[in-house]
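Descriptive structure summary
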Amino acid sequence: MAEGRKTTDCYCTDAGGNRVELGQMMCLSVDGRSFTAQCQMSLNVPMWREVQQGCLSSDLTPTTGETPS
């Protein structure tokens, strides 16, 4: 890189305007459907690209340690 040149950080943003780094994935909901998307570059512009239908969920039913009778 030549001296004095400025570099520009490329990143995506989430729905709240928070920075999401290139390569990170998250669940997006658009027009009533949810999908897993990855922050990628396309023609020198950061964008969200669908990589999987649906989203993985961490919503697990908590267990109490009791066994059903």
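The following paragraphs examine the structure supplied in this document.

What counts and what doesn't
- Residues numbered from 1 in each chain as written.
- Predicted model: local features only at pLDDT ≥ 70, side-chain atom pairs only at ≥ 80, totals over all residues.
- Heavy atoms only, no water.
- Helix = DSSP H or I, 4+ residues; strand = E, 2+ residues; numbered from the N terminus.
- Buried < 20%, exposed > 50% of the residue type's maximum accessible area, 1.4 Å probe, protein only.
- Pairing = 2+ DSSP bridges.
- Axes fitted to C-alpha atoms, helices over the stretch in contact; angles between N-to-C directions.
- Disulfide = S-S within 2.5 Å.

1. What to know about unusual backbone geometry
In the Ramachandran plot, D31 falls in the positive-phi region, its phi being about 50° despite a non-glycine side chain. With respect to the element layout, D31 can be found in the loop between β3 (25-30) and β4 (33-42). What makes D31 exposed here is its relative accessible area of 80%. The phi dihedral of L43 falls on the positive side, at around 50°, and the residue is not glycine. Inspection of the secondary structure puts L43 in the loop between β4 and β5 (45-53).

2. Brief notes about the pairing of β5
Of the pairings in the sheet, the one linking β4 to β5 comprises seven bridges and is antiparallel in character. Bridging from a neighbouring strand, A37 pairs with E50 of β5. Hairpin connection of β4 to β5: two residues between the antiparallel strands, including L43 at a positive phi of 50°.

3. A look at the environment of A37
Relative to the helices and strands, A37 resides in strand β4. In sequence terms A37 and G54 are 17 residues apart; their C-alpha atoms lie 9.6 Å from each other.

4. Regarding the sheet that holds β4
With antiparallel pairing, three strands are arranged side by side in an open sheet as β3-β4-β5. Two strands bound the open sheet, and with one partner strand each, they are β3 and β5. The sheet shows a mean angle of 50° between the axes of neighbouring strands, taken without regard to direction.

5. Quick notes on the state of the cysteines
On inspection of all chains with the given rule, the structure shows two disulfides. A sulfur-sulfur separation of 2.1 Å characterises the disulfide bridge that pairs C12 with C39. Between C12 and C39, the S-S dihedral sits near 90°, and the bridge is therefore right-handed. Here C12, found in strand β1 (residues 11-13), pairs with C39, found in strand β4; they are 27 residues apart in sequence, far enough to count as distant. There is no split in this pair, since C12 and C39 are both buried. C27 shares a disulfide with C55; S-S distance 2.0 Å. The sign of the S-S torsion, about 85°, decides the handedness of the disulfide formed by C27 and C55: right-handed. Remark: C55 occurs in the segment after β5 and C27 occurs in strand β3; sequence separation between them is 28 residues. Cysteine pairing for the chain, with bonded cysteines counted in sequence order: 1-3, 2-4.

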